[in-house]
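So the chains spell out like this:
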Amino acid sequence: MYAVRLWSVRHAKGLNRFYKAFERVIVALHPVWNKIGYEKVERPFQVMEKATKGFLFDCQMCGQCALSSTGMSCPMNCPKTLRNGPCGGVRPNGHCEVKPEMKCVWVQGWAGAENMGDLGKIQDVQLQVDNKIKGRSSWLRVVRMEKKVGEFAPKPPKAPPAKKPEAAKPDTAKPAASGEGKAA
Ligand code: SF4
């Protein structure tokens, strides 16, 4: 809901603090998720995440949350889904050029970052969205990332490339001339 989204930006500092405490709890519960199985807890996490973040931030469940770096303004609500700052079309009143009735999510993000007292993280470069994980829980992804499990498990070192078998050397010995070596 748009009004709630604006409220969340105004309360970015408190919401970010709450999220960080929540994150510490779900990371500490990694042994539980691991025992049940990450794939089994994925669905309940998705439902909880969609309900809470959908209400507070109009979350689009991109699966790779950037809220802590974007002043609690979800970049996926930008009609151009820009994740690294506004386009050049922000209106003089700070509204979106595509949806003039809406404030630019990046103008909002900057205000949220100011509320959080941290204008550094918003300048971090965000990776492009990986659509393969759209719809999945970004909360659980953070746990797997912290605990280096699943897709974040260290990869086994690559075996050195097998040596190519040496090509048979061409026989450089001159073929015996006809009659060579024969007794005169
Ligand atoms: S960045 Fe992604 S996960 Fe975070 S609120 Fe926006 S759509 Fe949801």
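Figured I'd write up the structure that's included with this text. Numbers given for residues are sequential positions, taken from 1 along each chain in its written order. Only residues with pLDDT of at least 70 get local features here, since the model is predicted, and only at 80 or more are side-chain atom pairs given and counted; chain-wide, interface and lining totals rely on the full set of residues.

### Observations concerning helix α2 (residues 12-28)
Piece 1. With 17 residues, α2 should reach 24 Å at 1.5 Å per residue; the first-to-last C-alpha distance of 24 Å fits that figure.
Piece 2. Exposed residues have 12 or fewer other C-beta atoms within 10 Å of their own C-beta, buried residues have 20 or more, and partly exposed residues fall in between, where C-beta atoms are placed from the backbone. A helix here means a DSSP run of H or I that spans at least four residues, while a strand means a run of E at least two residues long, and both kinds are numbered starting from the N terminus. Restricting attention to buried positions, one finds in α2 the residues A12, L15 and N16. Taken end-on, α2 shows its buried residues confined to a sector of 95°, consistent with a single buried face. Set apart from the buried face of α2 by more than 90 degrees, the exposed residues are R17, F18, A21, R24, V25 and A28. A helix is expected to span 1.5 Å for every residue after the first. Directions pointing from the helix axis toward each C-beta atom define the arc.

### Observations concerning the environment of A66
Piece 1. Here A66 is to be found in the loop between α4 (38-57) and α5 (105-116).
Piece 2. Sequence separation of A66 and H30 is 36 residues, and the distance between their C-alpha atoms is 21 Å.
Piece 3. Our contact criterion uses C-beta atoms placed from the backbone: two residues qualify when those atoms are within 7 Å. Among all residues touching A66, those that are not within four sequence positions of it are P75, R83 and Q126.

### Some details on the nonpolar core
Piece 1. Formed by 21 residues in total, the largest nonpolar core has its most connected members in A12, F57, L67, M72, C74, V105 and W106.
Piece 2. Listed by contribution, the elements that provide at least two residues to this core are α2 and α5.
Piece 3. The leading source of residues in this core is α5, at 5 residues.
Piece 4. Apart from the residues within four sequence positions on either side, W106 is in contact with C78, G85 and P86. Nonpolar core, as used here: buried Ala, Val, Leu, Ile, Met, Phe, Trp, Tyr and Cys residues forming one set through C-beta atoms within 7 Å.

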